[in-house]
Amino acid sequence: MQTHTKEDQNVKTCPKCKSKIVLEFIYGMSTPDEAAKLDSNKYIPMGCIMPPNPHRWFCKKCSHEWGVLIS
Ligand SMILES: [Zn+2]
């Protein structure tokens, strides 16, 4: 079960190691310029090619990926 509270969206916590150093995958960056504007402490630009099952969150501490991308 997933809960979707306001707090949950603002502060992500890794379900595996409880780290709060969690980045969000961003898909569909068309130019390197756009990607460069992203805060690299918060986002990971993934380019235009979507994987079959894209994840939304990435833990910088343990490299765990989870979540479903909402398009
Ligand atoms: Zn983690």
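Everything in this summary refers to the structure shown in the same document. Numbers given for residues are sequential positions, taken from 1 along each chain in its written order. Totals for whole chains, interfaces and linings use every residue, but because this is a predicted model, local features are given only for residues with pLDDT of at least 70 and side-chain atom pairs only at 80 or more, for both listing and counting.

**Topic: the overall build of the protein chain**
Point 1. In this description a helix means any DSSP run of H or I spanning at least four residues, a strand means any run of E spanning at least two, and both kinds are numbered starting from the N terminus. Looking only at helices and strands, the protein chain has two helices and four strands in total.
Point 2. Along the chain direction, N to C, the helices and strands of the protein chain fall in the order α-β-α-β-β-β.
Point 3. To assign burial, the other C-beta atoms lying within 10 Å of each residue's own C-beta are counted, with C-beta atoms placed from the backbone; 20 or more indicates buried, 12 or fewer indicates exposed, and intermediate counts indicate partly exposed. Relative to its 71 residues, the protein chain shows a buried fraction of 7%.

**Let's talk about the sheet that holds strand β2 (residues 43-45)**
Point 1. In short, DSSP must find at least two bridges between two strands for them to pair. The four strands lie next to each other as β2-β1-β3-β4, forming an open sheet whose pairing is mixed. Edge positions in the sheet fall to β2 and β4 (65-66), since each has one partner strand and no second.
Point 2. Across three bridges, strand β1 (residues 22-26) lies against strand β3 (residues 57-59) in antiparallel orientation. Bridging across to β3, E24 finds its partner in W57.

**Describing the pairing of β1**
Point 1. Where β1 lies against β2, three bridges are found, and the strand directions are parallel. Bridge pairing links I26 to P45 in β2.

**A short note on unusual backbone geometry**
Point 1. Here K18, not a glycine, exhibits a phi torsion of approximately 65 degrees, which is positive.
Point 2. On the secondary structure map, K18 appears in the loop between α1 (6-10) and β1.
Point 3. Given 10 C-beta atoms within 10 Å, K18 falls into the exposed group.
Point 4. With phi around 65 degrees, S63 is a residue other than glycine that occupies positive phi space.
Point 5. Tracing the backbone shows S63 in the loop between β3 and β4.

**Notes on the environment of C59**
Point 1. Residue position: C59 is located in strand β3.
Point 2. Residue C59 is classed as buried on the basis of its 21 C-beta neighbours within 10 Å.

**As for the environment of C48**
Point 1. Mapped onto the secondary structure, C48 falls in the loop between β2 and β3.
Point 2. C48 sits in the exposed class, given 8 other C-beta atoms within 10 Å.
Point 3. The sequence separation of C48 and Y27 amounts to 21 residues, and the corresponding C-alpha distance is 5.9 Å.
Point 4. Whether two residues are in contact depends on their C-beta atoms, placed from the backbone: they are in contact if these lie within 7 Å. Each residue touching C48, except ones within four places of it in the same chain, is listed here: G28, M29 and S30.

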